[in-house]
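Tertiary structure, described
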Amino acid sequence: MPNTKELARREEMHQRFTGAHALCAGCGAPICVRTILNAIEEPVVVVNATGCLEVATTRYPTTAWNVPWIHVAFENAAAVASGIETAYRVLRRRGKISREIRFVAFGGDGGTYDIGLQALSGALERGHRFIYVCYDNEAYMNTGNQRSGATPFAAQTSTAPVGERSFGKPQRRKDLTEIAAAHHIPYVAQASISDWYDLARKARQAAAVDGPAFLNVLSTCPRGWGYPTDQAVKIARLAVETCYWPLYEVIEGRWYLNYIPEEKLPITEWLRPQKRFAHLFEPQNRELLHQIQQQVDEAWEKLLRKCERYEAL
Amino acid sequence: MNAMKRYEQGEFFLEIEPRRCKGCGVCVQSCPKGVLVLNGEGKAEAKDIAQCVFCGICEQRCPDFAISVYKVRVLQPSWV
């Protein structure tokens, strides 16, 4: 894995994702995209599902992408990526392309957890050599904070409001990284924008494996989560430190834990700065806080058991 | 007010472009030495450049490409 200086030199030669996009201050998506594209050495082709990232980076007549890029609908980013990869494979076999090319699909959590799940599952199962990156900001932020499959338990969204009879989203979030791992693909990883080196290393590894790779990256959203715009990295780091979002990878079916916090912080540390969880700190909702802590502990214990035979990298 | 901010320490340079900066604080929270701060206008600036080790993490992390860190090459004449 190259160090910071080499990454900077590479970016100087070819900037794949450029500035002057319209993504919000404190958004995690540009950090995630920039780090991942720069970490991959080979030429890339990007497939972008609908979402904030697509809308804000390609305002007519400008674009922030300096690589071949295709925009597709919510549900078929993985299907289009697998089609491009198949065409590339055929052209390569006929000797019309000689270069190694990598295919990266970016989708938000709405386009990955909910709408695009069957296309993603199909592409992973067919074994196309591409990288699917889900930047997970835990709701449909582009259209105004509607709940998605990634929204955590008891979070307030516009379609799961807080009131006398409701406390936000009543269901738990689904664990997409484990769903992807269940496809027996060579590489699955969970990363966060706060740990950039870890993210760059995982992108590099995903590009190196021969087969599908899936990255699930926690990406903060100041508008939907309701934290001050200058706290993005801190919020993402708290999610890792409270073990809400553990950093791990699954290589060839073996589980490796990348980071174990020295002192596991209580989940309230992560919930408190966010407005979408403000209602949990009212006295009548104390039981919910307890419940969330229990869910996080349970998931963390389960993960530790899966990883226990393998020491942390 | 929107002029490029330029800091130097020997042959190393740190430049911040305020017109590009959105004030997200990613560089401030990523800086291992705590050199960068957000000023009154919500733009990034270097508080104490003497502490800077020019690692370039802020440059790599900035989502708006507002920061550049570089080293000036001193050109040696070929006859030396």
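Residues numbered from 1 in each chain as written. Chains lettered and ligands numbered in written order. Predicted model: local features only at pLDDT ≥ 70, side-chain atom pairs only at ≥ 80, totals over all residues.

Assigned secondary structure in chain B consists of 2 helices and 5 strands. Of the regular secondary structure in chain B, the N- to C-terminal order runs β-β-α-β-β-α-β. Here chain B holds 80 residues, and the buried ones make up 39% of them. When contacts within chain B are restricted to residue pairs at least 6 apart in sequence, those whose partners lie at least 24 apart make up 49%. (Helix = DSSP H or I, 4+ residues; strand = E, 2+ residues; numbered from the N terminus. Buried ≥ 20, exposed ≤ 12 C-beta atoms within 10 Å, placed from the backbone. Contact = placed C-beta atoms within 7 Å.)

Within a sheet, each strand pairs with its neighbour through backbone hydrogen bonds, oriented either parallel or antiparallel. Residue and element names in this part refer to chain B. Pairing within the open sheet is antiparallel, and its 3 strands lie in the order E1-E2-E5. Each edge of the open sheet is held by one strand with a lone partner, namely strand E1 (5-9) and strand E5 (67-71). Across this sheet, the average inter-strand angle for adjacent strands is 15 degrees, counted without regard to direction. Summarising the sheet, E1 and strand E2 (residues 12-16) pair through 5 bridges and their orientation is antiparallel. Pairing of Arg 6 across the sheet is with Glu 15, part of E2. (Pairing = 2+ DSSP bridges. Axes fitted to C-alpha atoms, helices over the stretch in contact; angles between N-to-C directions.)

Between chain A and chain B, the residue contacts involve 20 residues of the former and 18 residues of the latter. Within the residue set of the side of chain A that touches chain B, elements represented by two or more residues are helix H1 (4-13), helix H2 (29-39) and helix H10 (232-241) of chain A. Of the residues forming the side of chain A that touches chain B, the biggest block, 4 residues, is contributed by H1 of chain A. Among the residues forming the side of chain A that touches chain B, the class breakdown is 10 nonpolar, 6 polar and 4 charged. (Nonpolar A, V, L, I, M, F, W, Y, C, P; charged D, E, K, R; others polar.)

All right, on to the packing of H2 of chain A against helix H8 (residues 196-208) of chain A then. Residue and element names in this part refer to chain A. Taken N-terminus to C-terminus, the directions of H2 and H8 make an angle of 45 degrees; their axes are 8 Å apart at the nearest point. With respect to H8, the element H2 is oriented oblique. As H2 packs across H8, the resulting crossing turns out to be right-handed. Residue-level inspection shows Thr 35, Ile 36 and Ala 39 of H2 in contact with H8, the latter providing Trp 196, Leu 199, Ala 200, Ala 203 and Arg 204. In the contact of H2 with H8, the residues fall into 6 nonpolar, 1 polar and 1 charged. (Parallel < 35°, antiparallel > 145°, perpendicular 65-115°, else oblique. Left-handed = near helix turned anticlockwise from the far one by under 90°.)

Turning to the nonpolar core, a few remarks are in order. Among the nonpolar cores identified, the biggest contains 111 residues, and Ala 105, Ile 131, Val 133, Leu 215 and Val 217 of chain A are the most heavily contacted of them. Those residues within four positions of Leu 215 of chain A in sequence are excluded, and the remaining contacts are Ile 131, Val 133, Ala 189, Ala 191, Lys 202, Ala 203 and Ala 206 of chain A. (Core = buried A, V, L, I, M, F, W, Y, C linked by C-beta atoms within 7 Å.)

Of all residues in chain B, 89% attain a pLDDT of 70 or more, and the chain-wide mean is 86. Two numbers describe this predicted complex: its pTM, 0.91, and its ipTM, 0.82. (pLDDT = per-residue confidence, 0-100.)

It is worth spelling out unusual backbone geometry at this point. With the exception of glycine, the majority of residues adopt a negative phi angle, and the majority of peptide bonds are in the trans configuration. All names here are of chain A. Backbone torsion omega between Tyr 60 and Pro 61 reads 0 degrees, so that peptide bond is classified as cis. Mapped onto the fold, Pro 61 is located in the loop between helix H3 (52-57) and strand E2 (69-72). Notably, Glu 138 is not glycine yet its phi reads approximately 70 degrees, a positive angle. Topologically, Glu 138 is positioned in the loop between strand E4 (131-136) and helix H7 (176-181). Judged by local crowding, Glu 138 falls into the buried class, with 27 C-beta atoms found within 10 Å. A positive phi angle, near 50 degrees, is found at Glu 252, a position not held by glycine.

Our next topic: the sheet that holds E4 of chain A. Residue and element names in this part refer to chain A. Read across the open sheet, the 8 strands follow the order E2-E1-E3-E4-E6-E5-E7-E8; overall the sheet is mixed. On the outer flanks of this sheet lie E2 and strand E8 (254-257), each paired with one strand and no other. Between one strand axis and the next, the sheet turns by 20 degrees as a mean value, whatever way the strands run. In this structure, strand E1 (residues 44-49) lies alongside E2, joined through 4 bridges in parallel fashion.

Most of H2 of chain A is tucked away, with 11 of its 11 residues classed as buried. Where H2 of chain A is concerned, the buried positions are Ala 29, Pro 30, Ile 31, Cys 32, Val 33, Arg 34, Thr 35, Ile 36, Leu 37, Asn 38 and Ala 39 of chain A.

Below, the discussion takes up the pairing of E4 of chain A. Taken residue by residue, a regular strand's side chains alternate between the two faces of the sheet. Residue and element names in this part refer to chain A. Most of E4 sits out of view: 6 of its 6 residues are buried. Of the two faces of E4, both are covered, the one formed by Ile 131, Val 133 and Tyr 135 as well as the one formed by Tyr 132, Cys 134 and Asp 136. In this structure, strand E3 (residues 102-108) lies alongside E4, joined through 5 bridges in parallel fashion. Across the sheet, the residue bridging to Gly 108 is Tyr 135, located in E4.

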